[in-house]
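Below, each chain spelled out in residue letters.
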Amino acid sequence: MTVEIGNPNSISNGDVKQNSTNKKSKESEKRRRRRKQKKNKKQNNITETDNDSDDNAKENSDPHQPLEKVEIEYVTENLEFGDAYAELKSDNDKKDEEEKKVTKKKDDSDSDQEEEQDANGNEKGGVSNKKKKLQQRMKIAELKQLCARPDVVEVWDATAADPKLLVFLKSYRNTVPVPRHWCQKRKFLQGKRGIEKQPFQLPDFIAATGIEKIRQAYIEKEDSKKSKQKQRERMQPKMGKMDIDYQVLHDAFFKYQTKPKLTSHGELYHEGKEFEVKLREMKPGMLSQDLKEALGMPEGAPPPMAY
C-alpha cells in the first residue's frame, strides 16, 4: 500500500487568492488617497489665486483708498520788524486795558443802582408781583355794574384773563353753563355712595291699568311652586298667563298718557338735585294760609314786611 504525505510548507489555492485580494485593496486605497491629496492641492491653489485677483480688483476699483498720512513741517524764518511791531503790540494792550476798565465801571454802577432800588423798596415796603396782580384785578362790584346781567357774575369770574368777555358769554342767550362740580376737589357723585337707590315707579297712566298687581300675583305664585314644577314649566312653557284687555292698554297710552317732567335748556344735573323742593305752584308774593296765620295777618291786610 502506498500513502501520500502532503508537504507541510505547501499553500492552498484559497489562501493564495485571499492574499492577492488584500494586496489589490491596499493598492486601490493608496491610489484613492493620492487622488484626494491632488484634488485638495488644486482647490487650495484656486482659492489663493481668487483671493489675489479680488485684492487686485479692489485696489484698482477703489480710487478713494486712504493713502498714508505724511506730516509736513513748515519752517519759517524769524522776521525782524523792529520797533514798529513792538509799538503796535503796546497800543493794542493799552486799548484792551481801557475797555476792561470801562466794563468794570458799568457793572459797578448797575449793581449800585440795583442795591439802591432794593433798599428803597424795602424801606417803602416793596410790592411783589402777586400783590400787583391782586391790585390790577377787577372787583366783583365793578364787574356787576358793567355787565347787563349781574345775576350771572360769580366770585371767581374776576380772576379770569378777560372778565368782561367771560360775563358777556355767560349772559348770552341759550348758553349752557359749566357744571358746578368743576371747582370741587372731590369726585363727581361721591356723596351718593351710601344712599340707597329708590326702586323705579311706574307712571300713573300705566299703573292705572292694574299691570303691577297682576305681575305681583304672578311672582308670588311662581315663588310658591316647587323646583320640579319650575323645571317642567321651563320644558313645557304656557303662554297667556298675564292677560290684559287691549282696549285698556290702548286707552292708557293714547288717551291718558301724560308728558314726563323734562329739564329745560341748559339745566344740568348736580348732586342732590332730586332732593330739592320744586315750588312750581307757589309764586313770589303769594302767601299760604298757614303763613298768614303764623304771621297773624287778617284777610286783605298786607304782609308785615311791607311796613
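An unreviewed UniProt entry annotates the protein as DUF382 domain-containing protein originating from Papaver somniferum.

Okay, the side chain of His270 next. Tracing the sequence through the fold places His270 in the loop between α9 (246-254) and α10 (289-295). Within the structure, His270 has its side chain in polar contact with the side chain of Glu276 (distance 2.9 Å). Setting aside residues up to four positions removed in sequence, His270 forms contacts with Arg180 and Glu276.

Scored by pLDDT, the protein comes out at a mean of 77, with 74% of its residues at no less than 70. Per-residue pLDDT, averaged within each element of the protein, yields its smallest value for helix α2 (residues 83-124) (69) and its largest for helix α5 (residues 163-170) (93).

Right, let's get into a negative patch on the surface. The grouping of Asp91, Asp93, Asp96, Glu97, Glu98 and Glu99 at the surface amounts to a negative patch. Turning to its location among the elements, Asp96 is positioned in helix α2. Asp96 sits in the partly exposed class, given a relative accessible area of 40%.

Evaluation of the coordinates by the stated rule reveals 3 aromatic pairs. Ring centres of Phe205 and Phe253 lie 5.9 Å apart, and the angle between their planes is 80°; on these two criteria the pair is classed as edge-to-face. Taken together, the residues span a long stretch of sequence, with Phe205 in helix α6 (residues 204-207) and Phe253 in helix α9 at a distance of 48 residues.

This next bit is on the environment of Ala207. The residue Ala207 is located in helix α6 in this model. When the C-alpha positions of Ala207 and Ala252 are compared, they lie 9.1 Å apart, and in sequence the two are 45 residues distant.

Our focus in this paragraph is the pattern of salt bridges. The full count for this structure, using the stated rule, is 9 salt bridges. When the shortest N-O distance is used, the salt bridge between Lys192 and Glu274 registers 3.2 Å. You can see Lys192 sitting in the loop between α5 and α6 and its partner Glu274 sitting in the loop between α9 and α10, a full 82 residues away along the chain. The exposure class assigned to Lys192 is partly exposed, which follows from its relative accessible area of 32%. Residue Asp251 pairs with Lys255 through a salt bridge whose shortest N-O separation is 4.0 Å. The buried category is assigned to Asp251, whose relative accessible area is 15%. Each of the salt bridges in this network shares a partner with another, and the network as a whole consists of Glu154, Asp157 and Lys170.

Another point: a positive patch on the surface. On the surface, Lys26, Lys30, Arg31, Arg32, Arg33, Arg34, Arg35, Lys36, Lys38, Lys39, Lys41 and Lys42 cluster together into a positively charged patch. Along the chain, Lys38 turns up in helix α1 (residues 13-61). Its relative accessible area of 57% is what places Lys38 among the exposed residues.

So, on to the side chain of Asp157. Note on placement: Asp157 falls in the loop between α4 (140-146) and α5. Side-chain polar atoms of Asp157 contact the backbone nitrogen of Glu154, separated by 2.8 Å. Contacts of Asp157, omitting those with residues within four sequence positions, involve Leu143, Val152, Pro163, Leu166, Val167 and Lys170.

This part covers a nonpolar patch on the surface. Nonpolar side chains collect at one region of the surface, where Ile140, Val155, Trp156, Val178 and Trp182 lie side by side and expose about 520 Å² of accessible area between them. Looking at the secondary structure, you find Trp182 in the loop between α5 and α6.

The phi dihedral of Asn174 falls on the positive side, at around 65°, and the residue is not glycine. On the secondary structure map, Asn174 appears in the loop between α5 and α6. If you check the backbone angles, Leu189 has positive phi at about 60° while not being a glycine. Assignment of secondary structure puts Leu189 in the loop between α5 and α6.

The rules we used
- Residues numbered from 1 in each chain as written.
- Predicted model: local features only at pLDDT ≥ 70, side-chain atom pairs only at ≥ 80, totals over all residues.
- Heavy atoms only, no water.
- Helix = DSSP H or I, 4+ residues; strand = E, 2+ residues; numbered from the N terminus.
- Polar contact = N/O pair within 3.5 Å; in protein donor to acceptor, adjacent residues only side chain to side chain.
- Contact = heavy atoms within 4.5 Å.
- pLDDT = per-residue confidence, 0-100.
- Patch = residues over 30% accessible without salt bridge, like charges linked within 9 Å, V, L, I, M, F, W, Y side chains within 5 Å.
- Areas by Shrake-Rupley, 256 points an atom, 1.4 Å probe, with all protein chains shown as cover.
- Salt bridge = Lys/Arg side-chain N within 4 Å of Asp/Glu carboxyl O.
- Lys, Arg positive; Asp, Glu negative; His and termini not counted.
- Charge placed at Lys NZ, Arg CZ, Asp CG, Glu CD.
- Buried < 20%, exposed > 50% of the residue type's maximum accessible area, 1.4 Å probe, protein only.
- Phe/Tyr/Trp six-rings, centres within 6.5 Å; stacked < 30°, edge-to-face > 60°.

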